[in-house]
Amino acid sequence: MRSHHAILSQLEKCKTMKELKIIQGLMITTSQVRNVIPLSRLIDFCVNPATGDLLYAQTIFLRVDHPSVYMWNSLIRGFSNADQQRKVLQLYEEMQRLAYLPDHFTFPFVLGACAKIPDHRNGECVHDRIVKTGFSSDSYVSGSLIHMYVSCADIERGRKVFAEIPIKNVVAWSTLIAGYVNNAQASEAVKVFDEMELAGVEPNAMTMVNVLVACGRSRDVETGKRVHSLICQRVADPGNPKSNWSSNIVLATALQDMYAKCGSLILARNLFDNLPRRNVVSWNSMISGYNQYGRASEALRLFSRMSAEGLKPDKVTLLSLMGACSQLGYLLAGQLIHAYIQKNGNHKDLAISTSLLDMYVKAGDTNSALQVFGGLERKDVKAWTSMITGLGVHGHGKEALQLFREMQGVGIVPDHITYIGVLCSCSRAGLVEEGREQFNSMKNEYGITPLIEHYGCMVDLLSRSGYLAEAERIIASMPVQPNTAIWGALLSGCKTYGNADIAERIGDQITQLNPHGSGIYLLLSHIFAQGGIWRMVERVRQLMKCRGVCKTGGYSSLQTKLLNP
């Protein structure tokens, strides 16, 4: 007995594997190696990721004739902490094959492995085993079950497990909320939080973080403000254990990010400026917010401050910066970012390279865009689409179509956005026959149902080229109501080719849409005046007067496009 206590005492003081092996030798010489408690402590030390040796732990475990369930759990925990999830599942299967009964410590680690892989099939098998062994009511196990299901994108099963828990603790509620957030159901996450409040369960910091993420994604600033108020109440109460939330950088950043995503940029900036410390995520959130809401100049200025404070931009920063340069058409700034990307090896990242390509396209530098495109190690449909659209927009319609054929030749399947770029390219270059061919192949070869944007491109192409009757037939065949831009494209063609008959025929349909601004009305009036249909000119003027539409001296970009095709 004295040897037993001495061994345990030495194991408590043990700091390194070298010391542990000396103690193991002592255990062998004193026959303590067969004693389950010291042996369990020996394995516990070895599975500790800070000081141990997981493979050595497995070697000790394999030499034990009859390992306890505790030992099985220790080894499973070790491989789980080492992120070797397949090994966790192997040990679990071996444990059952040898007739050992898993307990409420085993199941959460195994379910965690199923969640990380993710492995829905094995997760369901573990669930069945939990039901049969009577551990369904264990809060730790049930929380792990919810996490497994939502991590495997089976949110309904996760919700069902949650509903069956008799007493739902904060972990169960938070896990379900996080599940909805991670499965792109932000509004549902907010609803679950409302239910949690009604149930009187106190949220923890991670609950609040996930709810704020949900509010940001669903643009629910009102709920976000309510969560902000709850946080302030708890921080202000010195007797509340949650008063330390004020120093939680993750929670503070989530709050700032919520306001930024909801467009409340002044509130977001106030929070940002008052953060006790700022990490890259904080900076990215604010830069992205400015960029998202059309304040690209502020985004670039904030990045200058970030650089001055010595913080290195990451992928998210670079994507936001290139988005800002695209908005402003700042080619020089974009070139500087490009140089930084090349210097730091980020050019191999597909998302960054595609964003860089898009920036050059929007700045009108198609040669640089083609260089970036040519240097891509792997080209996805988004990269091909950006390059095709860029060439088309800048008047290189034939080159855009050639690139599209190359894309098809290497087996990349175009999507509906690709075809918008292709049809737009045909329209800009006046390639009528090619436009008809691509519009038909989109439907017949790839099964893509045309959207209003595709119809708009075809109407624009045909109207520019004088095929006004065909353009009118396409509008009539549309399964959706044509918008003002589509009617405007046809009207523009009528003006160019002096076709007052079609303009008169479609005039009522256009004015029923009650278009804003005077552009459409003036265009109609001009066409009727050209054709000498003065009764229609007077009718349009009366309609403008009735609707309070004033003739303006200048035109919007849409009006300019319509009047100057």
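Calculation rules
Sequence order as written defines the numbering, with residues in each chain counted from 1. Whole-chain, interface and lining totals are the exception, using all residues; otherwise, since this is a predicted model, local features are given only for residues with pLDDT of at least 70 and side-chain atom pairs are given and counted only at 80 or more. Excluding hydrogens and water, the side-chain figures rest on all heavy atoms present in the structure. Runs of H or I in DSSP of at least four residues are treated as helices and runs of E of at least two as strands, each being numbered from the N terminus. Relative accessibility under 20% of the residue-type maximum defines a buried residue, over 50% an exposed one, and the middle range a partly exposed one, all with a 1.4 Å probe and only protein chains included. Computed with a 1.4 Å probe, the accessible areas rest on the Shrake-Rupley method; for each residue, only the protein chains presented here act as cover. In this analysis, axes come from line fits to C-alpha atoms, helices being fitted only over the stretch in contact, and the angle between any two N-to-C directions falls in the range 0 to 180 degrees. Orientation labels follow simple angle bins: below 35 degrees gives roughly parallel, above 145 gives roughly antiparallel, 65 to 115 gives roughly perpendicular, and whatever is left gives oblique. The handedness criterion is simple: a crossing whose near helix is rotated anticlockwise from the far helix by less than a right angle is left-handed, and one whose near helix is rotated clockwise is right-handed. The contact criterion used is simple: two residues touch if any of their non-hydrogen atoms lie within 4.5 Å. Here the term charged refers only to Asp, Glu, Lys and Arg, the term nonpolar to Ala, Val, Leu, Ile, Met, Phe, Trp, Tyr, Cys and Pro, and the term polar to all other amino acids, Gly among them. A 3.5 Å cut-off defines polar contacts: any pair of N or O atoms within that distance qualifies, except that in protein one atom must be a possible hydrogen donor and the other a possible acceptor, and neighbouring residues in sequence count only when both atoms are side-chain atoms. What counts as a salt bridge is simple: a side-chain nitrogen of Lys or Arg found within 4 Å of a carboxyl oxygen of Asp or Glu. pLDDT is a residue-level measure of predictor confidence that goes from 0 to 100. Only Phe, Tyr and Trp rings take part, Trp by its six-membered ring, and two of them pair if their centres are within 6.5 Å. Stacked means planes under 30 degrees apart, edge-to-face means over 60, and tilted covers everything else. Only lysine NZ and arginine CZ atoms are considered, and such an atom sits over a ring when it is within 6 Å of the ring centre and within 35 degrees of the ring normal.

Helix and strand counts for the chain come out as 33 helices and zero strands. Residues counted as buried form 47% of the 565 residues belonging to the chain. Of the roughly 27,800 Å² that the chain leaves accessible, carbon and sulfur atoms contribute 53%.

Further remarks concern the packing of helix 13 (residues 205-218) against helix 15 (residues 249-261). Helix packing for two helices is described by the angle between their axes and how far apart those axes are. Taken N-terminus to C-terminus, the directions of helix 13 and helix 15 make an angle of 15°; their axes are 8 Å apart at the nearest point. Looking at the two axes, helix 13 sits roughly parallel to helix 15. Seen from above, helix 13 lies across helix 15 with left-handed handedness. Within the contact between the two elements, helix 13 uses Ala205, Met208, Val209, Leu212, Cys215 and Gly216 and helix 15 uses Val250, Leu251, Ala254, Leu255, Met258 and Lys261. Tallied by class, residues from the contact of helix 13 with helix 15 come to ten nonpolar, one polar and one charged.

Let's shift gears to the environment of glutamine 84. Residue position: glutamine 84 is located in the loop between helix 5 (69-81) and helix 6 (85-97). Since its relative accessible area comes to 37%, glutamine 84 is described here as partly exposed. Between the C-alpha atom of glutamine 84 and that of isoleucine 117, which follows or precedes it by 33 residues, the distance is 9.7 Å. Ignoring sequence-local partners within four residues, the contact set of glutamine 84 consists of Leu54 and Phe79.

Our next topic: the environment of isoleucine 352. Summarising the element assignment, isoleucine 352 is placed in helix 21 (residues 350-362). Separated by 34 residues in sequence, isoleucine 352 and leucine 318 place their C-alpha atoms 7.3 Å apart. Filtering out sequence-adjacent residues up to four positions away, isoleucine 352 remains in contact with Lys315, Leu318, Leu319, Met322, Ile341 and Asn346.

With that out of the way, let us pick up the side chain of aspartate 119. Looking at the element boundaries, aspartate 119 is found in the loop between helix 7 (106-116) and helix 8 (120-133). Of note is the side chain of aspartate 119, whose polar atom sits 2.8 Å from the side chain of asparagine 122. Each residue touching aspartate 119, except ones within four places of it in the same chain, is listed here: Arg86, Leu89, Cys114 and Cys152.

Now for the pattern of salt bridges. Considering all chains together, one arrives at 20 salt bridges under this definition. Across the pair glutamate 197 and arginine 226 runs a salt bridge, and its minimum N-O distance is 2.4 Å. Of this pair, glutamate 197 sits in helix 12 (residues 186-198) while arginine 226 sits in helix 14 (residues 221-236), and the two are 29 residues apart along the sequence. Of the residues examined, glutamate 197 reaches a relative accessible area of 33% and is grouped as partly exposed. Take arginine 226: its relative accessible area is 31%, and that puts it in the partly exposed class. Between lysine 315 and aspartate 349 there is a salt bridge, with its nearest N and O atoms 3.2 Å apart. Separated by 34 residues along the polypeptide, lysine 315 in helix 19 (residues 315-328) and aspartate 349 in the loop between helix 20 (331-343) and helix 21 bring together distant segments of the chain.

To continue, consider unusual backbone geometry. In this chain, isoleucine 117 is followed by proline 118 through a cis amide linkage whose omega measures -20°. Phi is positive for arginine 219, which is not a glycine, with a value near 55°. Note that arginine 219 resides in the loop between helix 13 and helix 14. On the basis of relative accessible area, arginine 219 is assigned to the partly exposed category, the value being 42%.

Between helix 23 (residues 381-393) and helix 25 (residues 416-429), whose axes approach to 8 Å, the crossing angle comes to 15°. In terms of axis orientation, helix 23 runs roughly parallel to helix 25. Considering only the axes of helix 23 and helix 25, their crossing is left-handed. Contacts between helix 23 and helix 25 involve Val381, Thr385, Ile388, Thr389, Gly392 and Val393 on the former and, on the latter, Ile417, Thr418, Gly421, Val422, Cys424, Ser425 and Arg428. Classifying every residue of the contact of helix 23 with helix 25 by side-chain character gives six nonpolar, six polar and one charged.

One can find glutamate 470 in helix 28 (residues 468-477). Classification of glutamate 470 as buried rests on a relative accessible area of 19%. In terms of polar contacts, glutamate 470 uses its side chain to reach the side chain of arginine 436, at 2.7 Å. If sequence neighbours within four positions are ignored, glutamate 470 has contacts with Arg436 and Leu462.

As a further point, take the confidence of the model for the chain. When pLDDT is low, close inspection of the predicted coordinates is not appropriate. For the chain, the mean per-residue pLDDT works out to 87, and 87% of the residues sit at or above 70. In this model, residues 552-565 is a region of pLDDT below 50 whose contacts with residues beyond four sequence positions or in other chains number 20 contacts.

For the structure shown, the criterion picks out ten aromatic pairs. Judged by centre distance (4.8 Å) and plane angle (80°), the ring pair of phenylalanine 61 and tryptophan 72 falls under edge-to-face. Of this pair, phenylalanine 61 sits in helix 4 (residues 54-62) while tryptophan 72 sits in helix 5, and the two are eleven residues apart along the sequence. Both residues of the pair, phenylalanine 61 and tryptophan 72, belong to the buried class. Chaining the aromatic ring pairs together yields one cluster made of Phe61, Trp72 and Tyr100. Seen from the ring of tyrosine 56, lysine 21 lies directly overhead, with NZ or CZ sitting 4.9 Å from the centre. Above the face of the phenylalanine 272 ring, arginine 278 is positioned so that its terminal group lies 4.7 Å from the ring centre.

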